[in-house]
Protein chains: 4
Amino acid sequence: MTEQRAGLAEAVARTRAETMGLVSTLEPDDMVVQTAPYTSPPKWHAGHVSWVFEMVIRKADASYSPTPMAGSPYLNSYYLGAGSPHPKGERGAVSRPTAAELLEYHGEVTRRLGPILREARAGGEAGRLLEMAMHHECQHQELMVYDLQHMLASRYEPPSRAAPPEPSPRARPRSVRVRGGRATVGHGGGGYAYDIEMPAHEVLLADYEIDVFPVTCGQYAEFVGDGGYTDYRHWLSDGWDAVREGRWEAPMYWERDGSSWAVHDMAGRRPIVDDEPVRCVSYYEADAYCRWAGRRLPTEFEWEAAARGGGGGRPAAFPWGDGPPDASRANLLESRLWAPARVGSYPGGASACGCEQMIGDVWEWTSSEFAPYPGFESGFDEYNDKWFGGQKVLRGGSSATPAASIRATYRNFFRPHERWMFAGFRCAR
Amino acid sequence: MTEQRAGLAEAVARTRAETMGLVSTLEPDDMVVQTAPYTSPPKWHAGHVSWVFEMVIRKADASYSPTPMAGSPYLNSYYLGAGSPHPKGERGAVSRPTAAELLEYHGEVTRRLGPILREARAGGEAGRLLEMAMHHECQHQELMVYDLQHMLASRYEPPSRAAPPEPSPRARPRSVRVRGGRATVGHGGGGYAYDIEMPAHEVLLADYEIDVFPVTCGQYAEFVGDGGYTDYRHWLSDGWDAVREGRWEAPMYWERDGSSWAVHDMAGRRPIVDDEPVRCVSYYEADAYCRWAGRRLPTEFEWEAAARGGGGGRPAAFPWGDGPPDASRANLLESRLWAPARVGSYPGGASACGCEQMIGDVWEWTSSEFAPYPGFESGFDEYNDKWFGGQKVLRGGSSATPAASIRATYRNFFRPHERWMFAGFRCAR
Amino acid sequence: MTEQRAGLAEAVARTRAETMGLVSTLEPDDMVVQTAPYTSPPKWHAGHVSWVFEMVIRKADASYSPTPMAGSPYLNSYYLGAGSPHPKGERGAVSRPTAAELLEYHGEVTRRLGPILREARAGGEAGRLLEMAMHHECQHQELMVYDLQHMLASRYEPPSRAAPPEPSPRARPRSVRVRGGRATVGHGGGGYAYDIEMPAHEVLLADYEIDVFPVTCGQYAEFVGDGGYTDYRHWLSDGWDAVREGRWEAPMYWERDGSSWAVHDMAGRRPIVDDEPVRCVSYYEADAYCRWAGRRLPTEFEWEAAARGGGGGRPAAFPWGDGPPDASRANLLESRLWAPARVGSYPGGASACGCEQMIGDVWEWTSSEFAPYPGFESGFDEYNDKWFGGQKVLRGGSSATPAASIRATYRNFFRPHERWMFAGFRCAR
Amino acid sequence: MTEQRAGLAEAVARTRAETMGLVSTLEPDDMVVQTAPYTSPPKWHAGHVSWVFEMVIRKADASYSPTPMAGSPYLNSYYLGAGSPHPKGERGAVSRPTAAELLEYHGEVTRRLGPILREARAGGEAGRLLEMAMHHECQHQELMVYDLQHMLASRYEPPSRAAPPEPSPRARPRSVRVRGGRATVGHGGGGYAYDIEMPAHEVLLADYEIDVFPVTCGQYAEFVGDGGYTDYRHWLSDGWDAVREGRWEAPMYWERDGSSWAVHDMAGRRPIVDDEPVRCVSYYEADAYCRWAGRRLPTEFEWEAAARGGGGGRPAAFPWGDGPPDASRANLLESRLWAPARVGSYPGGASACGCEQMIGDVWEWTSSEFAPYPGFESGFDEYNDKWFGGQKVLRGGSSATPAASIRATYRNFFRPHERWMFAGFRCAR
């Protein structure tokens, strides 16, 4: 159920090092500030992931002697069981502990993890919790990338950068038809998964069509150009309120460039690329685009069935089978592209029904509310289970998702108005 | 598909008269005020339902010559297609048009409806729209009851009042088991239904248990007494925020009465009645109770299958079959009880699997998000379709629901924090 | 110090009747609504002034047996000593007590006042308090006029209406020079005055110029036309914030009329009248106009010295001497004009130094903060004394001020951003 | 009118060095954060004071070639004439320019000032503006001390620290009587002064009593212990609102210590010292204390007359005469005490009428609104003149005020609810 002991130790070490790598090029000031209530300072991310490691160690080992940081309300995100957390929106008002102290703390926890990981029995409770804490750190790496884009955009100097693959010549927007019927969804064993991906269970699907690619910037720009943001008829009522209150005119980070649009992100300030998946759109925008286009968003189960092979046999862990992601199949954090790749760049990652780029590039909004699966059992208090309701499920991962922490059953969730994440969508009918 | 012409005319006339009956005992001041942003003045309800009638007439008959009120932004609730509505939270700041003018307007529209209803072809577009406007008026009668309870509670003098039926002696909280499998849900024809109840379609259910009765005040008081409102562990994160911001300590309208609780509603200020269904609780409270009790809320489809007979054969319109509700089967508006009846009061209304009081008494929260059924087609712009998402489905109707406008496929929806409606719940497992 | 016993009884009776007259033409709905947080429903004014009468009776006579309304938190404006007042901004959400009940209450208190007034010793404590309560009712008559203008404007049907006097032909904007030195200000005896007008004391004034007339709509329209509301340089920082937050483009109730301006008030919707004093401007607007015009507002003592005759001799109660106002000297509530009169309409009301229309028409903003005079002693707890600071003094009275309750020492006060009152200003240098 | 050229250059150099000294012991994180909307990050202060120097240089010398920082909206506090300033409450959300860059900028401006100061004609416009910019930097040094106390309190490591003088044995609270009459107030020449201190003019004062010392912690603790913060009768209405909204129970930085009080400031966390002047109280608290004690606050002119010698002869620059402050006369920033000294510590600083510690230790609230003196002429746009009204004048300086920038005519001003400044008060009658 869990990785072998040695494998876990190695994976944790890699994850810890990756976090340090992401902040290695920052100025001291960058470590400290919070540029919006929904972002966090990099030093906070570094401290918090270590704090969670200590929290799970203490759950697993009553004799563990915690560091002084273990009691910090500042590093507590929202665990009421661990005391009264510092308010999320005020993480940028904290100068002490300093970034230097928190980086030191990150190192200290890494050192302490060494012997603990060596002793953790594979499949035991300690191993399960430590593995969870590692995946938790992966989640925060991704959030840190979002936050650094918000703070620095093209001023962020990535630790390294790769060239995107050349898209396949046959890539142009099209749909495939998927047969309905009973489909098994959810994680059924093999590799790590969160409690919310379980238990595997059957759902009944009608026949449906789904797009081969996520919606691109070029497609989305047509919607914008057609007055998409000024006509209430495309929008849910809550979405229309969000448009007006936020004065939205286009996806986040898009900027007018004469009569055209530019985007300003870690890849620079540049004209939008027509066949790059659109990202940093809210659920409301995804939904409005679909209504304008005469389409709809897929449910999370339609998405999953299209990704994992649908009705027959044991569904696979990934669109391409059970093998782990690599740079030829998916644009994930380790690919170091720092932006989505153009559609058609990963023919090797196609699913059985022919959908491409389902993993990596952009998280894909689905129409499903984040809710427990039938028979859900909480694996960790307050981690996922107190967030059910009021959020929408996203599937697939983004160019900021660590490869070690993604699979086709992964359920991400955000509020429908949020859009600083690397979220896009794919249409269904 | 629609009622016969004469039937419709009669139903409309009855509905129009009922609205007038509900306000017949009010003081002039009561007609005008708005006691919370989520309520509306009675004069507004009276005007708005007539305004909607005019709106649908104009859609059906281009030659109709509207009254001057037809252009009123004040009477427009939220139809952006009909201009810019007056802000909902400021309906109590409007002195003109006066209550007298709006009651006169209600009468004028009733008079104008006479010939129009006579000419409307059964099954035609005009008939369909007029029927919708009638059901819309039924909805506002119910809202008006909520609003009058908020404004006046026991100072509201009902136009008439009936005694509640004596509960059956065998009534005590218990569960029944329902077999899962494929079940048909949604409205499949026969009688009126809103667009959001269609199309009928199949869903896959696992086996489940469901309570015979809604949760009672006595049961809920145990939760309250056990510190239910002071322990975050029972609550969703958003729910816990609502508890603290709203300083909730018990259901709305409950008041401390020494060491016990009283409730103040249209039936008076009185100690809570142990075997009366609890009401005026939010989704968050229903959900927290369930978690405390080791239960969960049913999905809307579990609820519907338990109400309509489940897997086999054509599902019925009501728990007791296809016959319309009457006072021996359900506590609805026409029963004139003005409060829920004690559990066990309607053995004649039981469903095939043995659930009682599924229709009437209290709307029942389900865990399902309000979302379109597969293949949904909008029947009227901005009426239901712009509200998908962010709300939860409630089923069954309350003691303020008009009998003419309820059925087991009816999907009501409210935000999870709202609780001035007559909403309760029933547990599942 | 106080009027003779019979005179007081008569004055109270007149005041009570005037309040009833002002609401005599209203619709029932008008009595109930509150159209802004800073206004109050007419029924509230009627009830509150009676509640204050009962409060002062109880202070003066411990044996008085109060009505049930005397304990109403709703009718308590802000007297913490009398319990916990109903929130001011929610007076429009109250349907009970009804308008009918509050008018009945007003009548009941009037009846009860009869014997009490007959017994009150002239100059005694009871007489002093009753007289205060009468002047308090006068203040609320004026507030009621502001509130009715806000609610109804030209839809208000006044109980009677008079034609304005013809302005004198010599009237055109000009200034007079006033010699400085020691001046006696404040109320020194003779007739009623509030505690805040006392004690009379000396101040030192430099020489100054002051305008003969209040600033007119024509003058103010030049400021507006010259971009006055779009150039921050004319404004105090707080004022500029108010302009942008309130989206102010002109005085309250001014409406664009093509390239010109109209005003909508109780006198109808009509083009602004060039030589009518401008009103419904905030302190910030008055101050900005002055800066634009190279002028400044007078201090309250400069205003008072210009009005009462300045340095020599005993200062008079009014600009024209000690005689009471009448319709040939001042446009006050009893004149029934319902709007300011054109400048030059009251040559008979001129002060010794030549200033006209200092009493009536519009309250005049001064640059003085509302603060106690040296040696101030509170005459009534929480009535005036808890409002010192953060407000500016206005002098002179408006067309809605009852003649019985104005004099040249009267100090009105409002927050600098408020502008629904009938406030204008006069320039100094 | 201005200091000699060499003197100015030296004073500017000293001031620039002092700013660098104050931040010399900070961690990098401390430079960046903003702990409340009314504070600013230290790096911002360092940058802003340099930005203002560049702004005045550009006003004085059209040929000056500004640095790139000169156009920074972030460094613009509120000068609309210099573009659109970055919002004050969001200064802590800015990582670039970095602290390192802003310290470099501070150095660069200091270097550029060298030749400019050498060339500035004494008494010329450039000299006047540069001197103003130097005093502006002094003001920000003081604000920086407030902000560092808010951020770090006893964790701030001062660049150096001195021991407080021993108080004189005759020091116990008492009042002196001051004769009224005509008094000259305001700056009449000799040394630097801001525009708002001018012109000197006469005012008329009644006789009054004034305390020899500011109110002490011991005296204030009696007010607190007597229920001062729970009885509305001591408070202005706006003050009472502030108490409840801010949940005030004592001065800022006071903390309950069993049945007693401690204070947490740069001098450590320590029991309150009975004969230390109380500080970090709002105007409302000062006013409420006075009402409780049967006293009142002095006007700013009563304060000034008591400080400068009152009616006869040319009023002095300081209570002790025209000589500059030194450590034997006043506790100012250069004394390095970082807290007020006990009353009686500076007998050498007494005024002619016997008042002590009028300069230094704590700013003293007066009852006077911040308003222009008669004949005021603005010396610099938007610097002081757009803040008239809505604020109260404080006199005297605090332990964080630079000695180079204080005198008895100095008028400081803050909103009546603000209390993070080192503000106390002295009673009058």
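Residues numbered from 1 in each chain as written. Chains lettered and ligands numbered in written order. Predicted model: local features only at pLDDT ≥ 70, side-chain atom pairs only at ≥ 80, totals over all residues. Heavy atoms only, no water.

Trainee: Residues and numbers for the relation of the copies chain D and chain A, please.
Mentor: In the superposition of chain D on chain A (RMSD 0.0 Å, axial shift 0.0 Å), the rotation amounts to 180°. One copy is carried onto the other by what is essentially a two-fold rotation axis. Comparing contact sets, 100% of the residues at the interface of chain D also lie at the interface in chain A, consistent with an isologous, same-surface contact. (Least-squares fit on C-alpha atoms with pLDDT ≥ 70 in both. Contact = heavy atoms within 4.5 Å.)

Trainee: Which residues make up the interface of chain D and chain A, and what values go with them?
Mentor: The interface of chain D with chain A comprises 20 residues on the first partner and 20 residues on the second. In total, about 1400 Å² of surface goes out of reach between chain D and chain A, with carbon and sulfur atoms giving 54% of it. Three residues stand out in chain D for area buried against chain A, namely Asp29, Ser95 and Arg96 of chain D, and they jointly supply 40% of the buried area on that side. The tally of links between chain D and chain A comes to 4 salt bridges. (Buried area = accessible area lost by both parts, 1.4 Å probe. Salt bridge = Lys/Arg side-chain N within 4 Å of Asp/Glu carboxyl O.)

Trainee: Go over the environment of threonine 401 of chain D with me, naming the residues and quoting the values.
Mentor: Within the secondary structure layout, threonine 401 of chain D lies in the loop between strand E9 (392-395) and strand E10 (412-414). Ignoring sequence-local partners within four residues, the contact set of threonine 401 of chain D consists of Glu142, Leu332, Leu333, Glu334, Trp363 and Ile406 of chain D. (Helix = DSSP H or I, 4+ residues; strand = E, 2+ residues; numbered from the N terminus.)

Trainee: Help me get a handle on helix H4 (residues 125-152) of chain A, residues and values and all.
Mentor: Residue and element names in this part refer to chain A. Here H4 contains 28 residues, and its C-alpha end-to-end distance of 40 Å stays within 8% of the 40 Å for a straight helix at 1.5 Å per residue. In terms of burial, H4 is largely enclosed, as 22 of its 28 residues are buried. The first or second residue beyond H4 is alanine 153, which carries a positive phi of 45°. (Expected span 1.5 Å × (residues − 1). Buried < 20%, exposed > 50% of the residue type's maximum accessible area, 1.4 Å probe, protein only.)

Trainee: Requested: an account of the relation of the copies chain D and chain C, with residues and values cited.
Mentor: Each copy of the sequence occupies a distinct position, and chain D is placed on chain C by a rotation of 180° and an axial shift of 0.0 Å, giving an RMSD of 0.0 Å. A shared interface surface links the copies, since 100% of the contact residues of chain D are contact residues in chain C too.

Trainee: Just give me the short version of the interface of chain D and chain C, but keep the residues and values in it.
Mentor: Listed per partner, the contact involves 22 residues of chain D and 22 residues of chain C. Summed over both partners, the interface of chain D with chain C buries about 1800 Å², with 55% contributed by carbon and sulfur atoms. Of all residues in chain D, Leu204, Tyr232 and Glu369 of chain D give up the largest surface area on contact with chain C, accounting jointly for 28% of the area buried on that side. One salt bridge in this structure joins aspartate 238 of chain C and arginine 415 of chain D, with 2.7 Å as the shortest N-O distance. Inspection of the region where chain D meets chain C yields 8 residue pairs in polar contact (both at pLDDT 80 or more). Those elements giving two or more residues to the side of chain D that touches chain C turn out to be strand E3 (201-205), helix H6 (237-246) and strand E8 (363-369) of chain D. (Polar contact = N/O pair within 3.5 Å; in protein donor to acceptor, adjacent residues only side chain to side chain.)

Trainee: Any chance you could break down the pattern of salt bridges for me, citing the residues and the numbers?
Mentor: Across all of its chains, the model carries 145 salt bridges over all chains by this definition. One salt bridge in this structure joins aspartate 265 of chain D and arginine 270 of chain D, with 2.8 Å as the shortest N-O distance. Residues participating in the shared-partner salt-bridge network are Glu300, Glu304, Arg308, Arg395 and Arg411 of chain A.

Trainee: Give me the lowdown on the environment of valine 281 of chain A, citing residues and values where you can.
Mentor: All names here are of chain A. Looking at the secondary structure, you find valine 281 in the loop between strand E7 (268-271) and helix H7 (283-293). For the pair formed by valine 281 and glutamate 137, sequence separation is 144 residues and the distance between their alpha carbons is 25 Å. When near neighbours in sequence (up to four residues on either side) are disregarded, valine 281 contacts Tyr220, Pro251, Trp365, Glu418, Arg419, Ala423, Gly424 and Phe425.

Trainee: Describe in detail the packing of aromatic side chains, supporting the description with residues and values.
Mentor: Both the distance between ring centres and the angle between the ring planes are used here to describe each pair of aromatic rings. Counted by the stated rule, this structure contains 132 aromatic pairs over all chains. On the numbers, 5.7 Å between centres and 55° between planes, the contact of tyrosine 194 of chain D with tyrosine 383 of chain D is tilted. Here tyrosine 194 of chain D is found in the loop between strand E2 (181-185) and E3, whereas its partner tyrosine 383 of chain D is found in the loop between E8 and E9, with 189 residues between them in sequence. Of the two residues, tyrosine 194 of chain D and tyrosine 383 of chain D, neither departs from the other in class, the shared state being buried. Clustering of aromatic rings is evident, with ring pairs tying together Tyr220, Phe223, Tyr229, Trp235, Trp254, Trp261, Tyr289, Trp292 and Phe425 of chain A. Its guanidinium or amino end placed over the ring of phenylalanine 422 of chain B, arginine 279 of chain B lies 4.0 Å from that ring's centre, counting from NZ or CZ. (Phe/Tyr/Trp six-rings, centres within 6.5 Å; stacked < 30°, edge-to-face > 60°. Lys NZ or Arg CZ within 6 Å of the ring centre and 35° of its normal.)

Trainee: Which residues make up the sheet that holds strand E10 (residues 412-414) of chain C, and what values do they have?
Mentor: Residue and element names in this part refer to chain C. Spatially, the 4 strands line up as an open sheet ordered E10-E9-E8-E11, and their pairing is mixed. In the strand order of this sheet, the two ends are held by E10 and strand E11 (423-424), each with one partner. Along the sheet face, helix H8 (residues 300-308) touches strand E8 (363-369) and strand E9 (392-395) and points at about 130° away from the line of E8. (Pairing = 2+ DSSP bridges. Axes fitted to C-alpha atoms, helices over the stretch in contact; angles between N-to-C directions.)

Trainee: Go over the sheet that holds strand E6 (residues 260-265) of chain D, please, and point to the residues and values.
Mentor: Residue and element names in this part refer to chain D. Taken together, 3 strands build an open sheet; the order of strands is E5-E6-E7 and the sheet is antiparallel. In this open sheet, the two strands that pair with only one neighbour each are strand E5 (254-257) and strand E7 (268-271). For this sheet, the mean angle separating the axes of adjacent strands, direction not counted, is 30°. Across 4 bridges, the pairing between E6 and E7 is antiparallel. Residue pairing for E7: aspartate 265 is matched across the bridge by glycine 268.

Trainee: Would you mind going over the packing of helix H5 (residues 217-225) of chain C against helix H7 (residues 283-293) of chain C in detail, with residue names and values included?
Mentor: Residues and elements named next belong to chain C. Here H5 crosses H7 at 80°, and the two axes come no closer than 11 Å. What the angle tells us is that H5 and H7 run roughly perpendicular. For the pair H5 and H7, contact is made by Gln219, Tyr220, Glu222 and Phe223 and by Glu285, Ala288, Tyr289 and Trp292, respectively. Looking at side-chain class alone, the contact of H5 with H7 contains 5 nonpolar, 1 polar and 2 charged residues. (Parallel < 35°, antiparallel > 145°, perpendicular 65-115°, else oblique. Nonpolar A, V, L, I, M, F, W, Y, C, P; charged D, E, K, R; others polar.)

Trainee: Any chance you could break down the confidence of the model for chain A for me, citing the residues and the numbers?
Mentor: Caution applies to low-pLDDT parts of the model: their predicted coordinates are not meant to be read in detail. Confidence in the prediction of chain A, expressed as mean pLDDT, is 95, and 98% of residues score 70 or more. Across the whole predicted complex the pTM is 0.96, and at the interface the ipTM reaches 0.95. (pLDDT = per-residue confidence, 0-100.)

Trainee: Could you give an account of unusual backbone geometry, naming the residues involved and the relevant values?
Mentor: Going from arginine 96 of chain B to proline 97 of chain B, the amide bond is cis rather than trans, its omega being 5°. Position of proline 97 of chain B among the secondary structure elements: in the loop between helix H2 (42-60) and helix H3 (99-119). Note the cis peptide between methionine 198 of chain C and proline 199 of chain C, where omega equals -5°. Along the polypeptide, proline 199 of chain C turns up in the loop between strand E2 (181-185) and strand E3 (201-205). The phi dihedral of glutamine 357 of chain A falls on the positive side, at around 50°, and the residue is not glycine. By the secondary structure assignment, glutamine 357 of chain A is in the loop between helix H8 (300-308) and strand E8 (363-369).

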